[in-house]
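Summary of structural features
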Protein chains: 2
Amino acid sequence: MTTRIVELRRGILKKNDELAAGLRSRFQAAGVLVLNLVSSPGTGKTTFLERTLRDLRARGARVAALVGDLETDNDARRLAASGAPVRQINTHGICHLDAEMIGKHLEGWEALAAPGKALDISLLDYLFIENVGNLICPSSYDLGERIRVALLSVTEGEDKPLKYPTLFNSADAAVITKIDLAAPCAFDRELALKNINEIRPGIRIFETSAKTGAGMDAWLAYLEGALKTS
Amino acid sequence: MTTRIVELRRGILKKNDELAAGLRSRFQAAGVLVLNLVSSPGTGKTTFLERTLRDLRARGARVAALVGDLETDNDARRLAASGAPVRQINTHGICHLDAEMIGKHLEGWEALAAPGKALDISLLDYLFIENVGNLICPSSYDLGERIRVALLSVTEGEDKPLKYPTLFNSADAAVITKIDLAAPCAFDRELALKNINEIRPGIRIFETSAKTGAGMDAWLAYLEGALKTS
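Every chain begins its residue count from 1, and numbering advances along the sequence as written. Chains carry letters from A onward and ligands carry numbers from 1 onward, assigned in written order. Whole-chain, interface and lining totals are the exception, using all residues; otherwise, since this is a predicted model, local features are given only for residues with pLDDT of at least 70 and side-chain atom pairs are given and counted only at 80 or more. Hydrogens and water are ignored here; the side-chain numbers use all heavy atoms of the structure.

Notes on the overall build of chain A
The condition is simple: Each helix is a run of H or I in the DSSP string that is no shorter than four residues. Each strand is a run of E no shorter than two, and both are numbered from the N terminus. A radius of gyration in this sense is built from C-alpha atoms; the matching globule rule multiplies 2.2 Å by the number of residues raised to 0.38. Residue burial is assigned from relative accessible area. The probe radius is 1.4 Å, only protein chains are included, and a residue is buried under 20% of its type maximum, exposed over 50%, and partly exposed in between. What makes two residues a contact is simply this: any of their non-hydrogen atoms within 4.5 Å. Here the Shrake-Rupley method, with its probe set to 1.4 Å, supplies the accessible areas, and only the displayed protein chains count as covering residues.
Within chain A, the secondary structure is distributed over eight helices and seven strands. Relative to the globule expectation of 17 Å for 230 residues, the C-alpha radius of gyration of chain A, 17 Å, shows essentially globular dimensions. For chain A, the spread of C-alpha atoms along the principal axes amounts to about 55 × 55 × 35 Å. Within chain A, the proportion of its 230 residues that are buried is 56%. Pairs at least 24 apart in sequence give 72% of the contacts found in chain A among residues at least 6 apart. Accessible area for chain A stands at about 9400 Å²; split by element, carbon and sulfur atoms hold 52% of it.

What follows is the structure, given as structure tokens:
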């Protein structure tokens, strides 16, 4: 049975890679920068993303978000508070987003169409995809993003990059969240940075608090720089 | 392809259920209470379990632990500080433990054999299984445990039970961890309790801090009560 599973899994990932490549071309042609945010449940992806959407909008950027969860539309409602167009993807038990889900949820998204016109993602500067909270399974699924972001909160333990190497090794940027809680959590900053660098040497790391705004300027500058080269 | 996947998945789960039933009979015959601890990465399973092992040993109980991670033996080393026999299971990319892994790792565990004798799990009162950090995939895999424990930290967000209903719905007990951080995290206790009860009405809930020891007495009393009826 194991051989059949491995073959099937390979087939699924191959099909996903093909769909993701198509999405990537489409995003690139439209000039939209797409990011895939991956972390454990509870890292604070939604709070961080809500702040990012709000801050980018305040700077005049056109942003939108897709958010994946097994159940509920809690996160879409939270993100919508930023004023950006947001769509919830409920996976109903599937532990990751895949390229097909992304493609389907781009269709019929009225908020991304000019009045009386069809969907046009070139109306966007940034599209953020908040993945299902899971440090493992999303690592294998390319969503057509240009930048994969691995998030880690100061409450989680500094050894997460070593224990979940596939995610950190496939990430383009790492974001440490909730640094306002570093002291009560006795967060060992040097160790966390060392562990991230051990798995992904030289990766850009942002140390942030969506609550206090710490580190957000560097993060936004990174996004704006990436947009210019997209 | 989806149909084949569903069939294969059904086959895998059926085989796992059979193996788990065999383990459960074996654990019951040996009079050992087996618990399966499941949570997100970073909830503090290892710290909570290390304290549990230490406290039970101080009360004269015979305890051991199996701990699952994709990579590293960090957690086994941390748990071993309790003085209990501990074995690491590295899943190398698999996002959950299964009954076959548990069975294999019971074999040849010298710490569970009396001097000069074969393995004898009846030497134990409690066997704890710390699952891979993942709120989704472990929910479907029975490990032969008698008690499944869902853990949730105050840093994670009160809506986790609603977003990951399968785990909470299949749990026998819920443990809220890191309550020493409730104030800096602005944890909404009433909402968390309400959400857990919405998914699993009447479930036993323990509010704990492995750091301060809060709530540990009630948890240990629950374990001792469960052992008497096993």
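Topic: the nonpolar core
As a reminder, the rule being used: Put simply, a nonpolar core is a bunch of buried Ala, Val, Leu, Ile, Met, Phe, Trp, Tyr and Cys residues held in one set by side-chain atoms that sit within 4.5 Å of each other.
Formed by 93 residues in total, the largest nonpolar core has its most connected members in A:Phe27, A:Ile102, A:Leu127, B:Phe27, B:Ile102, B:Leu106 and B:Leu127. Those residues in contact with A:Phe27, other than ones at most four positions away along the chain, are A:Val32, A:Val34, A:Ile102, A:Leu106, A:Ile121, A:Leu127, A:Leu143 and A:Gly144.

Observations concerning the pattern of salt bridges
Where we set the bar: Should a side-chain nitrogen of Lys or Arg be within 4 Å of a carboxyl oxygen of Asp or Glu, the pair is scored as a salt bridge.
Within this structure, the stated rule accounts for 38 salt bridges over all chains. Between A:Arg78 and A:Asp75 there is a salt bridge, with its nearest N and O atoms 3.5 Å apart. Here A:Asp75 and A:Arg78 lie together in helix H3 (residues 74-80), a separation of three residues that amounts to about one turn. On the basis of relative accessibility, which here comes to 37%, the residue A:Arg78 falls in the partly exposed class. A residue is classified by how much of its surface remains accessible, and A:Asp75, at 1% relative accessible area, is buried. Between B:Asp73 and B:Arg77 there is a salt bridge, with the nearest N and O atoms lying 3.2 Å from each other. Under the relative-accessibility criterion, B:Arg77 is labelled exposed at 51%. Look at the salt bridges and you will find they share partners, linking A:Asp69, A:Asp75, A:Arg78 and B:Lys163 into a network.

Some words on the side chain of A:Ser209
Residue and element names in this part refer to chain A. Defined as follows: In protein, a polar contact means a hydrogen-donor-capable atom and an acceptor-capable atom, both N or O and within 3.5 Å, with residues adjacent in sequence counting only if both atoms are side-chain atoms; elsewhere, any N or O pair within 3.5 Å suffices.
Mapped onto the elements of the fold, Ser209 is located in the loop between strand S7 (204-207) and helix H8 (216-228). For Ser209, a relative accessible area of 0% translates into the label buried. Among the polar contacts made by the side chain of Ser209, one reaches the main-chain amide nitrogen of Lys211 at a distance of 3.2 Å. Among the polar contacts listed, one links the side chain of Ser209 to the backbone nitrogen of Thr212, at a separation of 3.0 Å. For Ser209, the contacting residues outside a window of four places in its chain are Lys178, Ile179, Asp180, Ala214 and Met216.

Examining the packing of aromatic side chains
Residue and element names in this part refer to chain A. Where we set the bar: Stacked, edge-to-face and tilted labels apply to pairs of Phe, Tyr and Trp rings (six-membered ring for Trp) whose centres lie within 6.5 Å, assigned for plane angles under 30 degrees, over 60, and everything in between, in that order.
Here the structure, examined in full by the defined rule, presents 10 aromatic pairs over all chains. Seen in terms of ring centroids, Phe206 and Tyr222 are 5.0 Å apart; in terms of plane orientation they differ by 50°. Their pairing is tilted. Residue Phe206 is found in strand S7, and its partner Tyr222 is found in helix H8; the two are separated by 16 residues along the sequence. An aromatic cluster of at least three residues, connected via ring pairs, comprises Phe48, Phe206, Trp219 and Tyr222.

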